[in-house]
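Residue strings, one per chain:
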Protein chains: 2
Amino acid sequence: MTAASLPDLLAANDAFYAAFEGNDAEAMERVWAHGDHVVCVHPGWPPLRGWDAVAASWGALFGNGQPLQFILTGMQARVTGEVGWVHVEENLLNGPRTSTVAALNLFEAVDGSWRLVAHHGSGIATT
Amino acid sequence: MTAASLPDLLAANDAFYAAFEGNDAEAMERVWAHGDHVVCVHPGWPPLRGWDAVAASWGALFGNGQPLQFILTGMQARVTGEVGWVHVEENLLNGPRTSTVAALNLFEAVDGSWRLVAHHGSGIATT
């Protein structure tokens with residue numbers, strides 16, 4: 001199984017959400033590529049560019065200490081060469097409230113492992 | 001210059017915004033790959049999956065007849081093999097109002113041309 005396999009991509013995506021749910025900054029650090037090219041958009045936030053800014057945002061979010069639980073639906077994944085992406089709806093259970101975020105997670109194979117290079121999440125308006 | 005070049009990627013991204021500003025459904029059709037794998041998230045919308053759903057959304061948006069003008073800032077682009085992506089802030093001038101959308105545009109080289117396979121836009125909250 002090469003690093004660029006679809007099962008490995010899905011495992012990397014799972015690792016991202018496990019780190020997110022676990023408020024685990026060290027695991028989140030292992031999920032991402034570290035470079036100026038990475039970009040992260042949290043729902044409603046301006047883009048954070050470069051690993052330092054992205055890492056700081058996770059530190060701030062995890063510092064809130066509010067655990068989130070995700071139920072992922074509508075997952076769609078694709079691998080083209082050394083790039084893979086997953087589009088998914090994050091259904092967040094945050095105490096009694098639920099909300100849904102559409103997310104595009106873009107990975108590149110770096111030294112044999114999928115690393116997240118872009119996460120773009122946006123809230124879905126409820127009607 | 002191969003299809004997978006960065007200049008061609010930026011030209012394809014420009015073509016996307018030209019079609020958008022021009023309310024030009026035919027030009028938008030040429031910008032996108034046509035398949036079940038494409039996905040489009042307009043700000044606040046749920047994900048639209050597959051070309052038919054994506055095309056219908058552009059038809060509906062263009063049917064409004066309200067021209068938009070974009071000023072693109074913070075552009076960041078990257079090519080890895082046959083995949084390229086552009087992250088950009090769309091500053092929309094819509095009459096007297098302005099708003100900013102963060103967008104991730106993901107392209108694949110298809111038959112020698114960059115085609116859009118994912119567009120994910122999200123409004124940036126103003127404070």
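In case you missed it, the structure is sitting above this.
As the structure is a prediction and not an experimental result, all values here were calculated from the model.

Peer 1: Could you clarify how one ought to interpret the interface of chain B and chain A in this entry?
Peer 2: Many descriptions give the size of an interface as the accessible area lost when the pieces come together. Taken residue by residue, the interface counts 33 residues in chain B and 33 residues in chain A. When chain B packs against chain A, the two sides together hide about 2,600 Å² of surface, and 58% of this comes from carbon and sulfur. With its nearest N and O atoms 3.2 Å apart, the salt bridge here joins A:Glu89 to B:Arg49. Taken together, the links from chain B to chain A amount to 17 residue pairs in polar contact (both at pLDDT 80 or more). Mapped by element, the contributors of at least two residues to the side of chain B that touches chain A are β1 (39-41), β3 (69-80), β4 (83-94), β5 (97-110) and β6 (113-123) of chain B. By residue number, the principal contributor to the side of chain B that touches chain A is β6(B), which donates six residues. Within the side of chain B that touches chain A, the residues separate by chemical class into 17 nonpolar, ten polar and six charged.

Peer 1: Can you walk me through the relation of the copies chain B and chain A in this structure?
Peer 2: Both copies of the chain are related through a single rotation about an axis accompanied by a shift along the same axis. Turning chain B through 180° and shifting it by 0.0 Å along the axis lays it on chain A, with an RMSD of 0.0 Å. The transformation relating the two chain copies, once decomposed into turn and shift, fits a two-fold axis. It is B:Ser122 whose C-alpha, among those of chain B, lies nearest the rotation axis, at 2.7 Å. When the interface residues of chain B are mapped onto chain A, 100% of them again lie at the interface, so the same face is used by both copies.

Rules behind the numbers
Residues numbered from 1 in each chain as written. Chains lettered and ligands numbered in written order. Predicted model: local features only at pLDDT ≥ 70, side-chain atom pairs only at ≥ 80, totals over all residues. Heavy atoms only, no water. Contact = heavy atoms within 4.5 Å. Buried area = accessible area lost by both parts, 1.4 Å probe. Salt bridge = Lys/Arg side-chain N within 4 Å of Asp/Glu carboxyl O. Polar contact = N/O pair within 3.5 Å; in protein donor to acceptor, adjacent residues only side chain to side chain. Helix = DSSP H or I, 4+ residues; strand = E, 2+ residues; numbered from the N terminus. Nonpolar A, V, L, I, M, F, W, Y, C, P; charged D, E, K, R; others polar. Least-squares fit on C-alpha atoms with pLDDT ≥ 70 in both.

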